[in-house]
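# Fold and contact review
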Amino acid sequence: MATKAKREGARVPVAKTYKIYIDGKFPRTESGRYFTLEDDKGRVIANVCRGSRKDFRNATVAARKAQAGWAGVNAYLRGQILYRIAEMLEGRREQFIAELKLQGMTRRAALNEVDASIDRLIYFAGWADKYQQVFSAVNPVASSHFNFSVLEPTGVVSIIAPDESGLLGLVSNVAPTIVGGNTCIVLASESMPLSAVSFAEVLHASDVPAGVVNILTGLRSELTEQFASHMDVNAVVFCDGKRDTAKMIQELAADNIKRVVARGDIDWHSDSSQHPYLIRDTQEVKTTWHPIGT
Amino acid sequence: MATPENKLAFDGGWEYSPAPESTDHIKVAKKYELFIGGDFVAPASGKYFDTINPATEERLSRVALASDADVDKAVKAARKAYNGAWSKMKPADRGKYIYRIARIIQERAREFAAIESLDGGKPIREARDVDVPLAAAHFFYYAGWADKLEYAFPGRRARSMGVAGQIIPWNFPLLMAAWKLAPALACGNTVVLKPAETTPLTAMKLAEAIADAGLPEGVVNIVTGAGDTGAAIVSHPGVDKIAFTGSTEVGRIIQKALAGSNKKYTLELGGKAANIIFADAAIDQAVEGIVNGIFFNQGHVCCAGSRLFVQESVAEEVIQKLKDRMETLIVGDPLDKNTDIGAINSKAQLEKIESYLDIGKQEGGEIHQSSCAVPASGYWCRPTIFTGVSQSNRVVQEEIFGPVLAIQTFRTFDEAVSKANNTPYGLSGGVWTDKGAKIFRMTQSVRAGVIWANTFNKFDPTSPFGGYKESGVGREGGLHGLDAYLVLEA
Amino acid sequence: MSLAAVDTKRKLPDLDRVPRVDEVGVNERVARFQSRSIKKESKLAALRMVLSMIDLTTLEGQDTPGKVRQLCQKAMHLHDSVPGLPHVAAVCVYPTMVGVARKALEGRGIHIASVATAFPSGQAPLSVKLEDTRMAVEQGADEIDMVISRGAFLAGDCAFVFDEIAAIKEACGDAHLKVILETGELGTLDRVRRASVLAMHAGADFIKTSTGKIQPAATMQVTLVMLQAIRDYFYDTGRMVGMKPAGGISSAKLAIHYLVMLHETVGNAWMTPEWFRFGASSLANDVLMQIVKQQTGVYQSADYFSKD
């Protein structure tokens, strides 16, 4: 950070402290520990919070508290809020591009990453009041009953975001989760965590209620187990293609029959990586029977 | 039930002071041109017509009268835009333009609402709380569909139609423009839209919004005029699809005119909806539903609940409560925030309504109107109910399109259904009962495109709307509303 | 007095015939009242009317004679720098404080309301409730605010609740009886409607939403349902019953919305302190600030209005 100050000449820039995001607040990690992020020349870019299992526990409490309220927000408004996130991100394009460059991307790649993230938010904002129409059904049962099936959010979802895509990977997993009325706890990319924290600031400025999205930074080796095992988490989404990780997550998830969504090896830049089945992954189907008579 | 001892009094006590919406924030030009090819252009004929404020009978502005030549120019501009930018654009980008329109409507909501109220006579409360937010919501909803059409019609490939000609009515000018434009644009079509001759102003403000949103020129073209302008759109060979909302009479003419052409069409026409109150209904909320069903927007609503059927055992109670409720409705200055019923949209419409009041009386119906005062100038009609009428009466059969309710009673479920269906119309219906099973039996039994249960006159961009029988062809709104603007291929 | 001695003219109505209530419809109607825009003269008239309808209330375990005397002072002198203001309708206190209030308010035309019947829970035998009521009346209460036995009502024992109200009504003598339904404990608007009908038939002069000790206290939704019950009872019997929303109404704006609702549901006859009250402890000052704002055109600070 000191080196950066020199680069910019006379004015000493103010460096930013990157913190985690829980329940609409930006605390430091409860553990007090950190890990450093370095640029390609080995200079320290930032001290990143090394989130702990207590942070995860607090985040889960916040996500659970927020879930019923968020699911109760009507679809139109949920769509408006996602659209607002996109607007806020658009307004901070340059900040995000700079941060991605700082974490090793070329300007061109960074620009693509940010623009694709904005467009992805718009894409899922549009689904807010449509996925029900595509996935729900009126069922022509043989008896004198009106029978229909609708989707409902699974509940609290833990997300281990892709490591290789600091912003787009995060957005591509958070947006379909929350647009369907779930709340989530996200583990940011370990190698590129800065965009996740700045994205939390965008969320914070976008009418997203506290607790709907909680973002932790930290080490996968320490936190993956927490994300998969917590008994008050209903589904775990993980973007990690490693077979032994997958097996561990599957096994831990079984303790409370978590829904397990594996999203390894996806090119998040590809158009084919955006589709409404990402929303359906964290939905339950609820069927109602109602008599027809006088 | 009503005796001198137990009669409620609503007038003569505390009165609400005037609470007028200010108009200092709105911009209405002295003259409006046609919006063709992204520019505001003078009509070929050089002719303009007045649009007046029906509450004061004063002129608000002068609006270009589009002739065949102007319509031709508009259709060509739309075709050029279709062949050029619009149909080739990435669907997600098309969506972004439509989102922009939605946002601009939200940002200018207050201005849109005030102008809608001035030009059409509707209460500012309704323009502000219903028309304008719903219009924005429609653009939002369909913007999202632009890049998702493959999920709407599984097994088919959806492609745009080309140039859509759209003709909209005067009862919800901005909202109907939104209903028409949003799905058409999302599906990749370009448009020539004609607003009604008595209410062109918000369409022209929408033209400004569309220009400000930076849509490629010619994607939306707005031509103002009366029936002849509409006919020119319908008969223009360069138009691929006609969407019309208006009377069944004109709808029939359009369907005939289109016979033999390859143009596709959707028609959203008249109605004479049955609103059915069962004895086990939540009566006080049902009374609100009756009021909302027939007095919303001065009764200028194609899906208005204009035929009320009340189960005999509660008829007296319902009618007394309805009469008391009518006493609290404020008729007058549409711009007053407390006005419940604004001005009748035009002199011609007022005359039509008044002729039905005479017909109803001649037919032997018992007329009751609320006792409120109405302004001296402008076009007004007090909320009105007819009791003692029957299925054979014209006020029961024909669409009045005003704040006039025809009330009948019934005894059994089957009787209610049979009377409700005994009409050439089939746009909407209402049912009020505390019993869920009865609701679903009723929705199965009433032949209409929309059934409201324990509510009435509810609209949402996600919800399809449209009629059975003479109430129209096709649906607008929701996933089903996309159908009208797409060709579905194998 | 035993229940057998209760006035036999009163009969428990068939509560199954009470109209059902649809919550969504009620919410929509309330939203319409809230969309009314009350300005200028109509606002000033409303603000003054609100003041005149307030039951200025203190119902705390920590109440002392000194506190009650201060409250009575406030009741008489709302804001003397604005001449010609009405006084509040009543002060509302516990039975033990009725004597203090009586002395403080002697001859000022302000009623003394006392809660009774083992307020706020109502968990006491009838004999205790009757004694509580008689004591308050003897001490000089003009109005008795009783609570219904919610437990019995929720358990379906409507006859018990009915008889209890009728018995308390007898014990009130000339004092007016306000029956608190404690709507926050009834759970549904259907039950609120039925409890209202029951209370009116049992002899209530007023029906009242809440003790103020349970959340939610008064809401516009609940008050609308009760007003509709009052209106229907009036249609049927010609007898007017008063309405008192209590608890949670602390802003002038909200109070005016209640007046709009009152006006458009039961009409002019109810627009007086005789038939409508606000049970409130902090509403008066907000109304006073609005009145001064209307007169001066300047928004006010709470520092300039006495808190008692």
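The notes below deal with the structure included here. (Residues numbered from 1 in each chain as written. Chains lettered and ligands numbered in written order. Predicted model: local features only at pLDDT ≥ 70, side-chain atom pairs only at ≥ 80, totals over all residues.)

### Some remarks on the interface of chain B and chain A
For clarity, the cut-off: Contact between two residues is assigned whenever their backbone-derived C-beta positions fall within 7 Å. Secondary structure follows DSSP: runs of H or I at least 4 residues long count as helices, runs of E at least 2 residues long count as strands, and numbering of each begins at the N terminus.
In this complex, chain B contributes 23 residues to the contact, which on the side of chain A involves 20 residues. Counting residues per element, the ones that place at least two in the side of chain B that touches chain A are α2 (91-107), α4 (124-145) and α15 (436-445) of chain B.

### Some thoughts on the interface of chain B and chain C
How big an interface is tends to be reported as the loss of accessible area on association of its parts. Our working rule: The classification used treats Ala, Val, Leu, Ile, Met, Phe, Trp, Tyr, Cys and Pro as nonpolar, Asp, Glu, Lys and Arg as charged, and all other residues, Gly among them, as polar.
Every contact between the two is made by 26 residues of chain B and, on the other side, 29 residues of chain C. Taken together, the elements giving at least two residues each to the side of chain B that touches chain C come down to α4 and α10 (283-295) of chain B. With four residues, α10 of chain B is the largest single contributor of residues to the side of chain B that touches chain C. For the side of chain B that touches chain C, the class distribution of residues is nine nonpolar, nine polar and eight charged.

### Considering the sheet that holds strand β5 (residues 58-64) of chain B
Residue and element names in this part refer to chain B. Note the cut-off: At least two DSSP bridges between two strands are required for those strands to pair.
Pairing in this open sheet of three strands is mixed, and the strands run β1-β5-β4 from one edge to the other. The open sheet terminates on both sides in strands that have one partner only, identified here as β1 (31-32) and β4 (48-53). Across two bridges, β1 lies against β5 in parallel orientation. Counterpart to Lys31 in the pairing with β5 is Arg62.

### Describing the pairing of strand β17 (residues 428-432) of chain B
Residues and elements named next belong to chain B. Selection criterion: Exposure in this text rests on C-beta crowding, where 20 or more other C-beta atoms within 10 Å of a residue's own make it buried, 12 or fewer make it exposed, and counts in between make it partly exposed. The C-beta atoms are placed from the backbone. Convention used here: a crossover is right-handed provided that the path from the first strand, over the helix, to the second strand proceeds clockwise when the strands point away from the viewer.
Counting buried residues along β17, five of its five residues qualify, which places the element largely inside the surrounding structure. Burial along β17 is two-sided: Ser428, Gly430 and Trp432 facing one way and Gly429 and Val431 facing the other are all buried. Sheet topology places strand β12 (residues 274-277) next to β17; four bridges connect them, and they run parallel. Bridge assignment links Asn275 to a residue of β17, and that residue is Gly430. Relative to strand β18 (residues 450-453), β17 runs parallel, the two sharing four bridges. Opposite Gly429, over in β18, you have Ile451 as the bridge partner. Note that the unit made of β17, α15 and β18 has a crossover that is right-handed.

### Description of the arrangement of the chains
Among two pairs of chains with at least one contact, chains B and C form the most extensive contact set. The two units chain A and chain C remain apart, with a minimum C-alpha distance of 15 Å.

### Some words on the nonpolar core
Threshold: Defined on buried residues, the nonpolar core groups Ala, Val, Leu, Ile, Met, Phe, Trp, Tyr and Cys residues joined through C-beta atoms within 7 Å.
Judged by nonpolar contacts, the single largest core of 179 residues is most densely connected at Leu82, Leu121 and Val186 of chain A together with Ile98 and Phe139 of chain B. Non-local contacts of Phe139 of chain B, meaning those with residues more than four positions away in its chain, are made with Ile98, Ile101, Ala102, Ile105, Ala178 and Ala182 of chain B.

### Section: the packing of α2 of chain B against helix α6 (residues 173-186) of chain B
Residues and elements named next belong to chain B. Keep this limit in mind: Angular values range over 0 to 180 degrees, each being the angle between N-to-C directions of two axes fitted as lines to C-alpha atoms, with helices fitted over their stretch in contact. For classification, angles of less than 35 degrees are called roughly parallel, those exceeding 145 degrees roughly antiparallel, those between 65 and 115 degrees roughly perpendicular, and all remaining angles oblique.
Between α2 and α6, whose axes approach to 9 Å, the crossing angle comes to 160°. One way to sum up the angle between α2 and α6 is to call them roughly antiparallel. Across the interface between the two elements, Arg94, Gly95 and Ile98 from α2 touch Ala182, Leu185 and Ala186 from α6. Each residue belonging to the contact of α2 with α6 can be placed in one class, and the counts come to four nonpolar, one polar and one charged.

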